[in-house]
Amino acid sequence: MLKTKTGLEIKKVRGKGRGVFATKLYTEGAVVEVCPVITVLNNRDVRSNLNYYVYAWGKNRSALVGGCGSIYNHSNKPNAAVEMDYKTMTLTVMALRRIGSGDEIQFNYSPGYETQLGFKAKK
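All residue numbers refer to position in the chain's written sequence, counted from 1. In keeping with the model being predicted, local features are shown solely for residues with a pLDDT of at least 70 and side-chain atom pairs are shown and tallied solely at 80 or more, while totals for entire chains, interfaces and linings include all residues. To obtain the side-chain values, all non-hydrogen atoms of the structure were included, while hydrogens and water were left out.

Once that is clear, we can look at the overall build of the chain. Runs of E in the DSSP output that reach at least two residues are strands. Runs of H or I that reach at least four are helices, and both are numbered from the N terminus. When its secondary structure is counted, the chain shows one helix and 10 strands. Partly exposed residues are those whose accessible area sits between 20% and 50% of the maximum for their type, while under 20% is buried and over 50% is exposed, using a 1.4 Å probe and protein chains only. Taken over 123 residues, the chain has a buried fraction of 44%. What makes two residues a contact is simply this: any of their non-hydrogen atoms within 4.5 Å. Long-range pairs, those at least 24 residues apart, make up 60% of the contacts in the chain with a sequence separation of at least 6. For the chain, the accessible surface area stands at approximately 7500 Å², while carbon and sulfur atoms represent 50% of it. Accessible areas in this description were obtained via Shrake-Rupley with a 1.4 Å probe; residue shielding takes into account the shown protein chains only.

Next comes the structure, spelled out in structure tokens:
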């Protein structure tokens, strides 16, 4: 388990690897985390192991996301969503509903949902 100073902790999740959990209450609409983004990868350069941790970022680019950004898990019933800001090079995680202390924070990876992630969720 890794605790952060931002009200988040990273813990092992059975069948998923690691996940991000709240250590405090987040109300609907609250900003959970603002993650810095580094776009240094061309999509064709992303290797299979790294593919699980990068985001599609604009056309033909991939991005590494700082903070806990690359560790959040997928859910078909997410309690959070992401907003990508190409100008400030940040990814903001926001609560879609109340997230209590101890709850895993998840968003939907699926195309067309509230996120614009560049990979598909495991079924």
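Now that the structure has been shown, the text picks up again.
When a carboxyl oxygen of Asp or Glu is within 4 Å of a side-chain nitrogen of Lys or Arg, the pair counts as a salt bridge. Counted according to the given criterion, the structure contains one salt bridge. In this structure, the salt-bridge partner of K11 is E9, at a minimum N-O distance of 3.8 Å. Since its relative accessible area comes to 7%, E9 is described here as buried.

Let's shift gears to the side chain of H74. Considering the arrangement of structural elements, one finds H74 in strand β7 (residues 73-74). Judged by relative accessible area, H74 falls into the buried class, the value being 14%. Pairs of N or O atoms are called polar contacts if they sit within 3.5 Å, as long as, within protein, a hydrogen donor faces a hydrogen acceptor (for residues adjacent in sequence, only side-chain-to-side-chain pairs). Side chain to side chain, H74 and N76 meet in a polar contact 3.1 Å long.

On to unusual backbone geometry, then. With the exception of glycine, the majority of residues adopt a negative phi angle, and the majority of peptide bonds are in the trans configuration. Of note in the backbone geometry, M89 takes a positive phi value of approximately 55° without being a glycine. Mapped onto the elements of the fold, M89 is located in the loop between β8 (80-85) and β9 (90-95).

In this section: the pairing of strand β10 (residues 104-107). Residue alternation in β10 divides its side chains into two sets, E104 and Q106 and I105 and F107, and both sets are buried. Of the strand pairs in this sheet, β7 and β10 are connected by two bridges, and their pairing is parallel. Each residue of the ladder has a partner; that of N73, found in β10, is Q106. The criterion for strand pairing is that DSSP finds at least two bridges linking the strands in question.

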